[in-house]
Amino acid sequence: MTLGAAPAGARLRHLFQAAPLRALFPATDPGDPTLGALVNVAGGLAGGDTAATRLELDRDARFTATTPAAEKIYRSLGAETHIAADLTIGEDACCEWLPQETILFDGARLRRRIDIALAPGARLLAAEMLVLGRAARGETLTQGTVLDCWRIRSAGRLAWADSVRIDDPASTIGARFALGGAGALATLLLAAPDAAAHRATARDLADGAASLVAPGLLVARWTGEASAVRAALGCAIMALREAAFGHPARLPRLWRT
């Protein structure tokens, strides 16, 4: 999907989609940029499934990408579920990548990679959240694997690389110096020329777990119980999208319906 600049934020220039992924464009709330909803019409992903999204914003485009609900990764009989997101943010473009949480059923095997390329002056607010088991059912992740990778390039050079790997959930999740029993984890990334100006805000919102990992690149993290992590992540999204982008201090409409 490629979007160019428009008075409302962005206009669609190119779209290719294939089952089970669909892109929809619901009405935008006042003051928000153009909104895109990335929908998995299958309702979830199983072992052996692959879902890939490529998003390109041309210069000066403003766009928010989200999902209408949590993504579900079902128990696998052996094969991995692959998810890939490739974001290219053009000069002076502004992108919000704000999917709702990904829920791993016990026995899920997820391999996810997020590749982001930032042109000079590009601004990005990106969030991802993993829920380790169906929390509403009291389920925890005791079997399965996770490999969750981020790669951020700025002006063609690698600015940040990060991976979370869980090979033995039964021991890793409960380990004191790993996840300490947390049922969920979330990452929020702000890439902007003035990211350093928002470091104190991010640290307050993440109880200190926020850092400027590279010039113009701020990362915050949360771990804990699923509903608490989602609430904290939502508060940080609202605060930073207002402070860094001048957008209204609210979550995308689909997070609120």
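Chains are numbered independently. Their residues run from 1 in the order of the written sequence. Predicted model: local features are reported for residues with pLDDT of at least 70 only, side-chain atom pairs are reported and counted for 80 or more only, and whole-chain, interface and lining totals are derived from all residues. The basis for every side-chain value is the complete set of heavy atoms in the structure, and neither hydrogens nor water enter the calculation.

## Description of the overall build of the protein chain
Applicable threshold: For the purposes of this entry, the term helix denotes a DSSP run of H or I that reaches at least four residues, the term strand denotes a run of E that reaches at least two, and both are numbered from the N terminus. Note on method: radius of gyration uses C-alpha positions; expected globular size equals 2.2 Å times residues raised to 0.38. Surface accessibility follows the Shrake-Rupley procedure with a 1.4 Å probe radius. Residue values consider only the protein chains on display as shielding.
Scanning the protein chain for helices and strands turns up three helices and 17 strands. For 257 residues, the compact-globule estimate of 2.2 N^0.38 gives 18 Å, and the protein chain sits close to it at 17 Å. Dimensions of the protein chain along its principal axes, counting C-alpha atoms only, are 50 × 40 × 35 Å. Here the protein chain has roughly 11400 Å² of accessible surface; of this, 52% comes from carbon and sulfur atoms.

## A word on the environment of Ala37
Spelled out, the test is: Under the scheme applied here, a residue whose accessible area is under 20% of the maximum for its type counts as buried, over 50% as exposed, and between as partly exposed, the area being computed with a 1.4 Å probe on protein chains only. Note on contacts: a residue pair is in contact if any heavy atoms of the two residues lie within 4.5 Å.
One can find Ala37 in strand E4 (residues 34–40). On the basis of relative accessibility, which here comes to 4%, the residue Ala37 falls in the buried class. Considered as a pair, Ala37 and Ala155 are 118 residues apart in the sequence and their alpha carbons are 28 Å apart. Residues within four places of Ala37 in sequence aside, it is in contact with Arg22, Ala23, Leu24, Pro26, Thr66 and Leu254.

## Comments concerning the state of the cysteines
Heads up, the condition is: Cysteine sulfur atoms that come within 2.5 Å of each other are treated as a disulfide pair.
Evaluation of the coordinates by the stated rule reveals zero disulfides. Left unpaired, Cys94 is separated from the closest cysteine sulfur, that of Cys95, by 7.6 Å.

## Details of helix H3 (residues 226–245)
Here is the rule: The span you would expect from a helix comes to 1.5 Å times its residue count less one.
The terminal C-alpha atoms of H3 lie 27 Å apart, and with 20 residues this matches the ideal 28 Å at 1.5 Å per residue to within 8%. Of the residues making up H3, those classed as buried are Ala226, Val229, Leu233, Gly234, Ala236, Ile237, Leu240, Arg241, Ala244 and Phe245. In this structure, the buried side of H3 is in contact with strand E6 (62–66), strand E9 (94–98), strand E12 (123–132), strand E15 (184–191), helix H2 (199–205) and strand E17 (217–224).

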